[in-house]
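Architecture and fold: a report
Listed below, chain by chain, are the residues.
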2 protein chains.
Amino acid sequence: MSSSPSQSAEDYLERIHELIEEKGYARVVDIASSLKVKQASVTSMVQKLGELGYLKYEKYRGLILTDKGREVACKIQNRHETLSRFFSLFGLDAETQKQDIEGIEHHLSPETVEMLADLAQFFEDDPQMLRMFRQFRSAAKRKAG
Amino acid sequence: MSSSPSQSAEDYLERIHELIEEKGYARVVDIASSLKVKQASVTSMVQKLGELGYLKYEKYRGLILTDKGREVACKIQNRHETLSRFFSLFGLDAETQKQDIEGIEHHLSPETVEMLADLAQFFEDDPQMLRMFRQFRSAAKRKAG
Ligand SMILES: [Mn+2]
Ligand SMILES: [Mn+2]
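Below or above, wherever it landed, is the structure these notes cover. (Residues numbered from 1 in each chain as written. Chains lettered and ligands numbered in written order. Predicted model: local features only at pLDDT ≥ 70, side-chain atom pairs only at ≥ 80, totals over all residues. Heavy atoms only, no water.)

1. Let's talk about the environment of C74 of chain A
The residue C74 of chain A is located in helix α4 (residues 67-88) in this model. In sequence terms C74 of chain A and E14 of chain A are 60 residues apart; their C-alpha atoms lie 7.9 Å from each other. (Helix = DSSP H or I, 4+ residues; strand = E, 2+ residues; numbered from the N terminus.)

What follows is the structure, given as structure tokens:
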């Protein structure tokens, strides 16, 4: 975890940001239950993220993201958003989509994410193209099985 | 690691299969150096994979994959192949591509891999379409900056 946060740190920042957006605050107990980890793990990661300048603890308000933390969290959120846009074009079921995205999002280079964003845009801009691809898929499936 | 192997077990099976294909044998020391892990970790994973029926140790030949192990290794290899086909269409540099694939391959559902295979096929079958997408990307980049 040097200049950019580790993959697991990214998960924490993403979730803390979401909790603050949803509820106005991020409690250790909520972070733990949402990431399915122990509260002790949350406490130790929160401390690390604090030392790295991504978040701080304020009396009365609780955990808040610093500007630096919010910037990283927004990038993570945008990336998740891009992957959702891309995957949602192709008729995968919602649960599969969610699991795949959570699995891969921290392993993709910015270049690949940008390419997937462009692919999503390409098909979104041209519904005719998307229909052609869907027909291509159905035809391929009929041939295969 | 119940019916299907864990993500890290998949890495081992993939690499052992590759080593056997390349050199005719897979030694603990080669597996360790290729996966950048300690020999002790290899020994313990090899034992686990043996207990699960994916590989066995034969005198004189060394480690070999069982039929079950070879089947899983082939599936992993095919998935890697699909991802390579998909990514190689879009002009990412080879090292980025490799790292992204190694990062995500064990986190993708069969449905998503199939969708990416179909996308690759769609563009491979119609070079005109691929040119259109490349032009779309260049235009998007010019607009963005
Ligand atoms: Mn996410
Ligand atoms: Mn691989």
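2. Some remarks on the environment of D118 of chain A
Residue position: D118 of chain A is located in helix α6 (residues 110-125). Of the residues examined, D118 of chain A reaches a relative accessible area of 13% and is grouped as buried. For D118 of chain A and T82 of chain A, which are 36 residues apart along the polypeptide, the C-alpha to C-alpha distance reads 9.4 Å. Apart from residues no more than four positions distant in its own chain, D118 of chain A is found in contact with F133, F136 and R137 of chain B. (Buried < 20%, exposed > 50% of the residue type's maximum accessible area, 1.4 Å probe, protein only. Contact = heavy atoms within 4.5 Å.)

3. Considerations on the nonpolar core
Counting 38 residues, the largest nonpolar core has F86, L119 and F123 of chain A together with F86, L119 and F123 of chain B as the members making the most contacts within it. Looking at this core, the elements with two or more residues in it are α4, α5 (94-104), α6 and α7 (127-144) of chain A together with α4 (67-88), α5 (94-104), α6 (110-125) and α7 (127-144) of chain B. Once you skip the residues sitting within four places of it in the chain, L119 of chain B turns out to touch F86, F90, L119, F123 and F133 of chain A together with F86 of chain B. (Core = buried A, V, L, I, M, F, W, Y, C linked by side-chain atoms within 4.5 Å.)

4. Examining the relation of the copies chain A and chain B
Rotating chain A by 180 degrees about the axis while translating it 0.0 Å along that axis superimposes it on chain B, leaving an RMSD of 0.0 Å. Expressed as an axis order, the relation between the two copies is that of a two-fold axis. Across chain A, the rotation axis passes nearest the C-alpha of I104 of chain A, at a separation of 2.5 Å. Interface overlap between copies is the fraction of interface residues in one copy that are interface residues in the other; for chain A against chain B it reaches 100%, indicating a shared surface. (Least-squares fit on C-alpha atoms with pLDDT ≥ 70 in both.)

5. Examining unusual backbone geometry
All names here are of chain B. A positive phi angle is found at K36, which is not glycine, with a value near 55 degrees. With respect to the element layout, K36 can be found in the loop between α2 (28-35) and α3 (39-51). For K36, a relative accessible area of 76% translates into the label exposed. Backbone geometry at Y60 places phi at a positive 70 degrees, although glycine is not the residue there. Structurally, Y60 can be placed in the loop between β1 (55-58) and β2 (62-65).

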